[in-house]
Amino acid sequence: METVEMNSVSLKRPRSEDDVANADEIKRQKTSEKSKTENNSGQNIETVTEQPDKSLLEDTKNEIIPREESEEQEDEDLEDSDEDGDPESFADMMKHGLTESDVGITKFVSSHKGFSGILKERYSDFVVHEIGKDGRVSHLDDFSVPVDDEDPSEETFTVLSDEDKQRLEELQLLKNKETSVAIEVIEDTKEKRTIIHQAVKSLFPGLETKTEDRDGKKYIIAYHAAGKKALAKVRTATDPRKHSWPKSRGSYCHFVLYKENKDTMDAINVLSKFLRVKPNIFSYMGTKDKRAITVQEIAVLRITAQRLAHLNKCLMNFKLGNFSYKNHPLKLGELQGNHFTVVLRNITGTDDQIDQAMHSLREIGFINYYGMQRFGTTAVPTYQIGRAILQNNWNEVMDLILKPRPGAEKGYLVKCREEWAKTKDPAAALKKLPVKRCVEGQLLRGLLKYGMKNIISAFGIIPRNNRLMYIHSYQSYVWNNMVSKRIEEYGLRAVPGDLTLKGATAVHIEEGDVDKYTIHDVVMPLPGFDVIYPKHKIGEAYKEMLVADNLDINNMRHKIRDYSLSGAYRKIIIRPQNVNWEVVAYDDPRIPLFTTDLDKLEGKPLPVLPTDGKFRALKMEFSLPPSTYATMAIREVLKMDTSIKNQTQLNTTWLR
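My aim in this report is to walk through the structure given alongside it, one point at a time. The model shown is predicted, which means the values in this text are computed figures rather than measured ones. (Residues numbered from 1 in each chain as written. Predicted model: local features only at pLDDT ≥ 70, side-chain atom pairs only at ≥ 80, totals over all residues. Heavy atoms only, no water.)

1. What about the packing of aromatic side chains?
Next, step 1: Per the stated rule, a full pass over the model turns up 14 aromatic pairs.
Next, step 2: An angle of 45° between the planes, with centres 5.8 Å apart, marks the rings of W394 and Y563 as tilted. Taken together, the residues span a long stretch of sequence, with W394 in helix α11 (residues 394-402) and Y563 in the loop between α17 (537-548) and β17 (568-571) at a distance of 169 residues.
Next, step 3: Taking the relative accessible area as the measure of exposure, W394 reaches 8% and is therefore buried.
Next, step 4: One aromatic cluster is present, formed by F375, Y383, Y474 and Y477 through successive ring pairs.
Next, step 5: The aromatic ring of Y223 is capped on one face by K210, whose charged end is 5.4 Å from the ring centroid.
Next, step 6: Stacked on the ring of Y219, the Lys or Arg R214 has its end atom at 5.8 Å from the ring centre. (Phe/Tyr/Trp six-rings, centres within 6.5 Å; stacked < 30°, edge-to-face > 60°. Helix = DSSP H or I, 4+ residues; strand = E, 2+ residues; numbered from the N terminus. Buried < 20%, exposed > 50% of the residue type's maximum accessible area, 1.4 Å probe, protein only. Lys NZ or Arg CZ within 6 Å of the ring centre and 35° of its normal.)

2. Describing the sheet that holds strand β5 (residues 180-184)
Next, step 1: The antiparallel open sheet is built from three strands, whose spatial order is β5-β7-β6. Looking at the sheet topology across the chains shown, the edges are occupied by β5 and β6 (207-214). Neighbour to neighbour, the strand axes of the sheet diverge by 25° on average, direction disregarded.
Next, step 2: Pairing of β6 with strand β7 (residues 217-224), which is carried by eight bridges, proceeds in the antiparallel orientation. If you follow K210 over to β7, its bridge partner there is I221.
Next, step 3: Relative to β5, helix α4 (residues 162-172) is tilted by about 160°, and along the sheet it contacts β5, β6 and β7. (Pairing = 2+ DSSP bridges. Axes fitted to C-alpha atoms, helices over the stretch in contact; angles between N-to-C directions. Contact = heavy atoms within 4.5 Å.)

3. Quick notes on the pattern of salt bridges
Next, step 1: Inspection of the entire model under this criterion finds 27 salt bridges.
Next, step 2: We note a salt bridge from E212 to R214, for which the minimum N-O separation is 3.2 Å.
Next, step 3: Overall, the relative accessible area of 25% leaves E212 in the partly exposed class.
Next, step 4: The closest approach of N and O atoms between E582 and K619, which form a salt bridge, is 3.7 Å. Of the two residues, E582 is situated in strand β19 (residues 577-586) and K619 in strand β20 (residues 615-624); the sequence distance between them amounts to 37 residues.
Next, step 5: Here the salt bridges share partners, and the residues they tie into one network are D134, R136, E297 and K326. (Salt bridge = Lys/Arg side-chain N within 4 Å of Asp/Glu carboxyl O.)

4. A word on helix α14 (residues 439-450)
Next, step 1: With twelve residues, α14 ought to run about 16 Å at 1.5 Å a step, and its terminal C-alpha atoms sit 16 Å apart, in line with that.
Next, step 2: Buried residues belonging to α14 abut α11, α12 (411-423), α13 (426-431), α15 (455-459) and α16 (464-490).
Next, step 3: G451 sits one or two positions beyond α14 and adopts a positive phi of about 90°. (Expected span 1.5 Å × (residues − 1).)

This is the structure we're talking about:
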């Protein structure tokens, strides 16, 4: 086995008919989704605008930030208005982005000759199935709803008119001065009144109902039992609504979420809007990529399977199924990993090259680098901000986040940065930034609230997970660089002074024991106060790198506890499991090359492929543990730089 220096391989991507078809399809879906939402729920939901593919596979953000409705619509309109642009100018701007070598990704472990291929020509070419903690791969294969006598009838979902739903929603959200809503009972019977009571309470959490006689007619009166305080307490994880939930039923409805071209955060925000609940009653084991088809388990507090199944009639790009009731939520990190099914289209490699590449992936594996998405996509990498935080250099943190930067950014961000550079006035800069949810907007609001002399508190307004993302990015940057040095220095064998894990404890490999270990046993530390370092040259290299960054490797505790790094250990080589591959021929780039869970449920046949088509594709499957990047496995197969900068400069037409 030998290590191979990185050698960029051209990613040729002519603009296919599928690109045009996909763009038209996205527009149709947006229009249809908006229409369906208005018709079915009486409210608009946030549609997700299509962005250039960034191949994000393991998103570290897992915090959902609820926003005001007007803010969401404003953000959405601005994002839509800023998408169009000349791909050539985008390529020029991406010259300021990062390449793999900028973040320490420089080595390969296989000896085969690289070849080119197109990753994610269609989002349906990339399918992710979550692997639960019990080792079971999540599949959507059952739309049936558990039978429960306590569930309301199907009529509950249709008994209210669109006008009634609109009025009830406004009452629920306290959008007008009304203290109650009266719904006349047509064809009055006790059964009909019961259904209306159930419909209001189940579809509009926080509202109570009573029956009144008015002028000889029966009315159901909906009202807030405790005014605004009731709304504030609607279905939170710590204070759930207590009525109408059987004691014999588990408090959490677990289900499989199948989604296309949406990330996990977007999906949960959409589901919460349709259900009229807060996003924090949902739980999950991991976030999934947007530009893909993904299948994962979700749990939600005290929402019935019946209500969830009803959403299948009105949601675009989502399907929910495999419902069950359990007594526990899901927790981040509980999963065993993910199973990937990937199509690389228009490949140029020979059959021998492909076989060599895939056998190497199965038998040796790939370097467990942190992928490009860990470091951001602009001219200011996230690891630079993380380094400034660890240095306690808060003026630098503020400057890196807010200063003007070259590269691809939305127009309103450019104007905001220019205003900040000119005035250093957070109020003036905020006026140029109508989108409130971004990090820049949050920091500016913090500066407005706490003042320019209290940057630490101002920065603290940014959600904790987003703040920690910066310092984790710095740790990842150090790790990538050190692993490249380790492989360059010692190759693909365990050597004395390396680290390995005994249970959860890291120990050094001693000279007399080195033959007991392989490269697959070796781990390297992410820097922190609770880790040890290799005893060979790479241990010193860690210290030298941190000294160059004005940091003390022996003092990684920060005066702000959140920013103290304990460190962790990470395997340097990952060998994927369940590796399979097949080379297929095809003529039409628009046809799918395999069937999805939804295709199988809908009875769609397998695609019929020609034996001698114009193009060749590599279909590959493999399973990876959590916190590893499928892009890094694919990089090892193709021997190709996976950065947006490299791919864009090689051929700008792929972004058209």
